Amino acid sequence: MAEARYRSTVEDHQHRVLTLAPLLPADTLPLAEAAGLTLAADANATLDLPPWDNSAMDGYAVRSEDTTRASAQAPVRLDLIAELPAGTEADPALAPGQAARIMTGAPMPTDADAVVPLEDAVGWDPAAPTAGTETPVHVELHHPAVAGRHLRRRGEDVRAGELVSPAGRPLTPHRLSALAAAGIAEVRVRRRPRVVVVSTGSELVAPGESVRRGQIPDSNSLLLASLVEAGGGLVVHRGRVSDDPAELQTVLQSTQGASDAVILTGGASVGAHDVARLVLAPGSPGGTVPPAPDGGAPAPEDPTVRFDRVAVQPGKPQGFGLLPDGRAVWSLPGNPVSAWVSYLLFVEPGLLAMQGRDAPVAPWHPVITEEGWRSPPGREQFVPARVVSAPGEPLRIAQATERGSGSHLAGRMARATGLARVPATTDAVSAGDTVLYRALEA
Ligand SMILES: Nc1nc2c(c(=O)[nH]1)N[C@H]1C(S)=C(S)[C@@H](COP(=O)(O)OP(=O)(O)OC[C@H]3O[C@@H](n4cnc5c(N)ncnc54)[C@H](O)[C@@H]3O)O[C@H]1N2
Ligand code: MOO
């Protein structure tokens, strides 16, 4: 449970997001159009894989019983009666003393039970210009062939009907190719969430525009839109509005029906011009936390958009809920590092849950920190961090900047390769301690 100054822990707030995130409908798509989407149904093989016994090597398909006496002193000579490239349908009958030249991936003749790689047969000269291409009439073996060697058996990878990937997994390149290999042509997948990203604040100008005193470039909408796209979402509107509530209301109305989620930044806290809070939850008490009846977090299933103080640094003021039209809406703090951390902790799992992802909350991994820093008591801390270990060494990290988790350090964010996570119960981290780390780039 969060301490009294905060209403929720990170876990409470994530739980509320996961409970309320509306599951998107599923479509059936050809594999080639499903990259990056999440499976909405189990994908089962339609083929045995491999579909037939085949050769693992370029060489000779032999009957092992013909070769049991082969030795350097008494080589066994086999007549080659067929050439079997990958793609051939042929299944030549092999009488005793006969073999076939076979290439990797070609179906094994039913009568053969072993493959002898080209290199293990006598007479193969890799330096000769025609080596490996001209069918010799005979092959000579100095060793017995071992039954079952250099073969790939039908169905040894996957059997027809067997599960290749369960519902809830994303169609990453390696998973997509596994499905294709197993004969699957189309898949049930969740639709990409259509997302509206809006920065709020009268101080914002487009990046690249000249700024007068009081103004700053809107970096958050680019941050959030890029994160949405990287997570499989579709940004249908990206923009910024001033502190005039009518502007935000117009964007919310004009994107209704064409979007599934809305992400706002800025104006989530207690200020007089906090437009997100004024539009989404006009009655919200903002910075004051009225005592909850049980002293704990809000009921996770209550869909009302509400603004909570989450025990996290940065990212304390968090707005979340469902709009009356059913869209999920996140109102994140405007400070750029807060917006980044807030997205990763609360928006990303929500958008993944909407896609039916089975493990929507990203894992964190223990690493050693090379330096110490202070952490706010009672709040979980997220610090932009960078890897300092050399490639191949166990991972060691340091703060990305000596200014730590300062939530306004928009420019220094560029130095981070990931985030470090420090528990609420820790008020100081020392060099050599284990902290959790989430890599956000290689
Ligand atoms: N009296 C209190 N003041 C503040 C509290 C508090 O509890 N009591 N909380 C602080 C914390 S923590 C945070 S985080 C911020 C969050 O404030 P808002 O979400 O209302 O954000 P803004 O006030 O609109 O902006 C904060 C900061 O970020 C800059 N910003 C805003 N939008 C963007 C953008 N799109 N791109 C780049 N930078 C942006 C903005 O200019 C401000 O500097 O509130 C504290 N205050
Ligand atoms: O929570 Mo604020 O996000 O510390 O800057």
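Cut-offs used in this document
Residues numbered from 1 in each chain as written. Chains lettered and ligands numbered in written order. Predicted model: local features only at pLDDT ≥ 70, side-chain atom pairs only at ≥ 80, totals over all residues. Heavy atoms only, no water. UniProt positions renumbered as here; feature names shortened; annotations may be inferred. Near = heavy atom within 4 Å. Polar contact = N/O pair within 3.5 Å; in protein donor to acceptor, adjacent residues only side chain to side chain. Nonpolar A, V, L, I, M, F, W, Y, C, P; charged D, E, K, R; others polar. Phe/Tyr/Trp six-rings, centres within 6.5 Å; stacked < 30°, edge-to-face > 60°. Helix = DSSP H or I, 4+ residues; strand = E, 2+ residues; numbered from the N terminus. Buried < 20%, exposed > 50% of the residue type's maximum accessible area, 1.4 Å probe, protein only. Lys NZ or Arg CZ within 6 Å of the ring centre and 35° of its normal. Axes fitted to C-alpha atoms, helices over the stretch in contact; angles between N-to-C directions. Parallel < 35°, antiparallel > 145°, perpendicular 65-115°, else oblique. Left-handed = near helix turned anticlockwise from the far one by under 90°. Contact = heavy atoms within 4.5 Å. Areas by Shrake-Rupley, 256 points an atom, 1.4 Å probe, with all protein chains shown as cover. Pairing = 2+ DSSP bridges.

Looking at an unreviewed UniProt entry, one finds the chain named Molybdopterin molybdenumtransferase, with Citricoccus parietis as its source organism. The Function (unreviewed entry) field of the UniProt record for the chain holds the comment "Catalyzes the insertion of molybdate into adenylated molybdopterin with the concomitant release of AMP." Within the UniProt record for the chain, the comment given under Cofactor (unreviewed entry) is "Mg(2+)".

## A few points about the site of ligand 2
Taken together, the neighbourhood of ligand 2 is formed by Pro-314, Gly-315, Lys-316, Pro-317, Asn-335, Ser-338, Arg-379 and Ser-407. One of the backbone N or O atoms of Gly-315 is found 2.5 Å from an oxygen atom in ligand 2. Contact between ligand 2 and Lys-316: an oxygen atom at 2.7 Å from a main-chain N or O atom of the residue. Classifying every residue of the shell around ligand 2 by side-chain character gives two nonpolar, four polar and two charged.

## Regarding the packing of aromatic side chains
Summed over the entire model, instances satisfying the criterion amount to two aromatic pairs. With centroids separated by 5.1 Å and ring planes inclined at 45°, the aromatic side chains of Phe-320 and Trp-330 adopt a geometry described as tilted. Taken together, the residues Phe-320 in strand 20 (residues 317–322) and Trp-330 in strand 21 (residues 328–332) connect sequence positions 10 residues apart. Take Phe-320 and Trp-330: they sit in the same class, and that class is buried. For the ring pair Trp-364 and Phe-382, a centre distance of 5.4 Å and an interplane angle of 65° mean the geometry is edge-to-face. Linking Trp-364 in the loop between helix 6 (336–354) and strand 22 (365–369) with Phe-382 in strand 24 (residues 380–387), this pair joins segments that are 18 residues apart in sequence. Residue classification places Phe-382 among the buried positions, given a relative accessible area of 0%. One Lys or Arg, Arg-421, reaches over the ring of Trp-364 and ends 5.3 Å from the middle of that ring.

## Topic: the packing of helix 3 (residues 220–230) against helix 6
Two elements in contact, helix 3 and helix 6, have axes whose closest approach is 11 Å; the angle formed by their N-to-C orientations is 25°. Taken together, the axes of helix 3 and helix 6 are roughly parallel relative to one another. Remark: the crossing between helix 3 and helix 6 carries right-handed chirality. Contacts from Asn-220, Leu-223, Leu-224, Leu-227 and Val-228 of helix 3 reach helix 6 at Pro-336, Ala-339, Trp-340, Tyr-343, Leu-344 and Leu-351. For the contact of helix 3 with helix 6, a count of residues per class yields 10 nonpolar, one polar and no charged.

## Digging into the site of ligand 1
Neighbouring residues of ligand 1: 23 residues in total, closest Glu-203, Asp-218, Ala-268, Lys-316 and Gly-334. In the environment of ligand 1, an oxygen atom lies 3.0 Å from a nitrogen or oxygen atom belonging to the backbone of Gly-334. In isolation ligand 1 has 880 Å² of accessible area, and contact with the protein removes 69% of it. For the shell around ligand 1, the elements supplying multiple residues, two or more each, are strand 15 (216–217) and helix 6. For the shell around ligand 1, a count of residues per class yields eight nonpolar, 10 polar and five charged.

## Overview of the sheet that holds strand 21
Spatial ordering of the open sheet is given by 16-13-17-21-20-18, a layout of six strands whose pairing is mixed. This sheet does not close on itself; its edge strands, each paired only once, are strand 16 (234–241) and strand 18 (306–309). Direction aside, neighbouring strands of the sheet carry axes that sit 15° apart on average. Sheet analysis places strand 18 next to strand 20, joined by four bridges and oriented antiparallel. Bridge assignment links Asp-308 to a residue of strand 20, and that residue is Gln-318.

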